[in-house]
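Residue-level structure breakdown
What follows is each chain in one-letter form.
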Amino acid sequence: MLEILLDATVRAGTPILFATLGAIINERAGIINLGIEGLMLIGALSGFAATFASGSLLLGVLAAFVAAFIAGSIHALITVQLRGNQIVSGLALTMFGIGITALFGRGVVGQTIDGFERHAVPLLAQLPLVGKAFFNQDWLIYFSFLLVALIWFFFYRTRWGLELRTIGENPAAADACGIPVNRYRFLAVACGSGFVGIGGAYLSLASTPMWIENMTAGRGWIAVALVIFASWSSFRALFGAYLFGGITAMQLRFQAMGTTVSAHILQMLPYIFTIVVLVISTIRLQKGASQQPGNLGLPYDREDRK
Amino acid sequence: MPDLLQLTHIRKTFPGVIALDDVSFSIRAGEIHTLLGENGAGKSTLMNVLTGFYAPDSGGLQLDGQPVRFASPRDSLALGIGMVHQHFMLVPAHSVLENIMIALQGVPLLFSRRQQRARIEQTIEEFGLDLDLNAPVWKLSIGAQQWIELIKLLLRDCRLLILDEPTAVLTPQEAAKLFQVLLRLKQQGKCIIFISHKMREVMEISDRVTILKKGRSVTTLEKGEFDQKKLAGLMIGGDRIPEWQKSLPFSEEIVLEIENLSVRNDRGLADLDNFSLRLQKGEILGIAGNGQKALAEALTGLTRVESGRVLAAGEDITRSCARSSYIAGIAHIPEDRKAIGIVPDLSLDENLILKNFRAKCFRNGVFQSRSAIRDNAEEKIGQFAIKAGPPGSPVRLLSGGNIQKVIIARELSEQPAVLVALYPTRGLDIGSAEYVHKVIADGASNGMSTILISEDLDELYKICDRIAVIFRGRLIGYADPTSSSRAEIGLMMSGEVSA
């Protein structure tokens, strides 16, 4: 019973994990991206369409990354190069994503593909309780574990990561050291968006191998909230995404068990949880435990007089 | 010595402001070259042009006789020009090590922290400095933060180092240490551009001095050609330094009484401990020692008082918030001009009525009266000689001296009984500083009492009637500037002697 619940937790949490990681990369560079929901949809549709056309899941994942990378570049162009308002640009990106996927998705509605299958990791999958949930999963889930570690390593053990963190905190300081602020920011936004796209593709290639209009159902917004909950750390993002996944899994379980509580109320739980998380993490932020990048949301203009 | 760098006819404008009009001067190898000028003369703008932060509208730079153009700070840094900015280019949340590392060249993508640390520690030791590389920058004093900036340049092996008012934030001991390091760098053949308002330092360290005025280079003088008086004269040019006289003997009437006040800071330590003080009408009372900031915040209602009372004209104002303190007649010139003195993005007109915007004269029913607010601004601009930009432009574009005048104009507009001024002349040029002193002295003649909080003993001596010395949050005693020596006050400040 618990094993099944844990398994469902990981599977429900993974798309949100990818999206949260992508958003963290954006925000570490100092750019707020509210286009996550739209980027996930773009990733979900491109991934599904590419796999449907080619039969290759790998190509599907790549297509999701590339399509979201390109869509994210629009956000980067507006917010980094043109120093536009990040909130407005991000919201526009979400609406763009919802619209364009509804339009181009019509052709593949109702089609099916062979989605990602489970591959047990030898030995590890035999572990009691957690073995099946974490190590009898598909390749995308294993990739998400790797990504969590890689992002941490990138930020804290590589020169590029240090430079990117500095840009998010104080772009003028980075500029004074000769670091090309705009180039870094652009790449961070575009690559981060690419990973968000993979999160979307998880839905259409693994969770339910088909395309359904607006299939993200607000998961992108939950990722935006989880970035704050995770204090911009990839490991805490893993924790947050699974917490959310766990609540989703539980409410499905309750429904299956046939409780008297209305299904609508149960389906609300993950979103209520998101609000609670935001309240708690905001209180924590105010107590000075903030890990928020110092220049988050502010455009950088070298000639601006300080 | 050949010229290392030449600037010819540099011009730089911002919307509505000519920051640099026509600046030309040159820097030789191995000299300390001081730039002198009033606030808003264009010193910092010029240095931002030199470091590639600002692209000049016209004019040229020549390095080693070759014309150069800087598209970004990266270009100027590559040619060995580095700067310690007045507002430090540091990340407070990162460690000292991380802050220094981003400035280093040749750090591999996957670096070894130990190797980089050793490299940095070597330079720190070489210059006899003391820095904890693991500490987060926000925990360090401003003086220590400045050393980080300097070490970044030393590790970059810059040929030309620019220091924008480095001593403004240093204690005298730290400043002396800085000068030692600068002289040593000079001996190594490096050039240093030094910006300071403190004449004594300029005289001590400069090989040459270039004077800027209103965005133009006035002249460059060699060592021996200048003295303090001449420099001050050139800097101010035709402008008159405002004259003022110390107030008449003040009356016996007590306007402000502090009884056994205790204030704790965020960390729970006592900033003020059972502190008592009496302020007489028309008096200028200086405060020296630590705990000054807590005193100012307690008086102006910005901090929570633990115990004790503050009486203004007999009325208890201990628990009042900032607006009611103002109504009770206490005006405040805060320490951090841009952070709490003004709203940087609002216009001059709006900043001038921040405290009394509810007054009937600025309203038409529920609406603001734009014309009355504009008239008020015009009046204040004239009265306080504020050099204002075009109407409606954000007040942050003004120079430090003018921003201070805006604050003073606003604070004095309701004829306060008491003025609490924190470091009111910090970072101001001679003309502006004298102006602030004149306002305080004139106010005293009209019966306004002032509590002047300053680290600058010279300032306290010059203008105060009495100096109260605080040590560890307690009042040690009063000193009379006409009879006590600086050494006596120094001993009181260190808690060794009480008056």
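Procedures and definitions
- Residues numbered from 1 in each chain as written.
- Chains lettered and ligands numbered in written order.
- Predicted model: local features only at pLDDT ≥ 70, side-chain atom pairs only at ≥ 80, totals over all residues.
- Heavy atoms only, no water.
- Salt bridge = Lys/Arg side-chain N within 4 Å of Asp/Glu carboxyl O.
- Helix = DSSP H or I, 4+ residues; strand = E, 2+ residues; numbered from the N terminus.
- Buried < 20%, exposed > 50% of the residue type's maximum accessible area, 1.4 Å probe, protein only.
- Axes fitted to C-alpha atoms, helices over the stretch in contact; angles between N-to-C directions.
- Parallel < 35°, antiparallel > 145°, perpendicular 65-115°, else oblique.
- Left-handed = near helix turned anticlockwise from the far one by under 90°.
- Contact = heavy atoms within 4.5 Å.
- Pairing = 2+ DSSP bridges.

With respect to the pattern of salt bridges
Inspection of every chain in the model, using the stated rule, returns 31 salt bridges over all chains. Of the charged contacts in the structure, one is a salt bridge between D7(A) and R118(A), with a shortest N-O distance of 2.9 Å. Here D7(A) is found in helix α1 (residues 2-28), whereas its partner R118(A) is found in the loop between α4 (86-105) and β1 (119-120), with 111 residues between them in sequence. Accessibility expressed as a relative area gives 15% for D7(A), which makes it buried. Among the salt bridges present, the one from D349(B) reaches R374(B), with a minimum N-O distance of 2.9 Å. Here R374(B) lies in helix α13 (residues 370-383) and D349(B) lies in helix α12 (residues 348-352), a separation of 25 residues in the sequence. In the salt-bridge network here, residues are joined through shared partners; they are R28(B), E31(B), R208(B) and E222(B).

Overview of the packing of helix α2 (residues 36-54) of chain A against helix α9 (residues 181-207) of chain A
Residues and elements named next belong to chain A. At a minimum axis distance of 6 Å, the contact between α2 and α9 shows a crossing angle of 55°. If you check the angle between α2 and α9, you find them oblique. Crossing geometry of α2 relative to α9 is assigned as right-handed. In this structure, α2 uses I36, L39, M40, G43, A44, G47, F48 and T51 to contact α9, whose residues at the interface are S193, V196, G197, G199, G200, A201, L203, S204 and L205.

Regarding the sheet that holds strand β13 (residues 284-289) of chain B
Residue and element names in this part refer to chain B. An order of β16-β19-β20-β13-β21-β22 is seen for the six strands of this open sheet, with the pairing classed as mixed. Each of the sheet's edge strands pairs with one partner strand only, and the pair in question is β16 (330-333) and β22 (474-479). For this sheet, the mean inter-axis angle between neighbouring strands, taken without regard to orientation, is 20°. Both β13 and strand β20 (residues 449-453) contribute to a ladder of four bridges, which runs parallel. The residue of β20 that forms the bridge with G286 is L452. In the packing of helix α14 (residues 400-412) onto the sheet, contacts are made with β16 and β19 (418-422), and the angle to β16 comes to roughly 175°.

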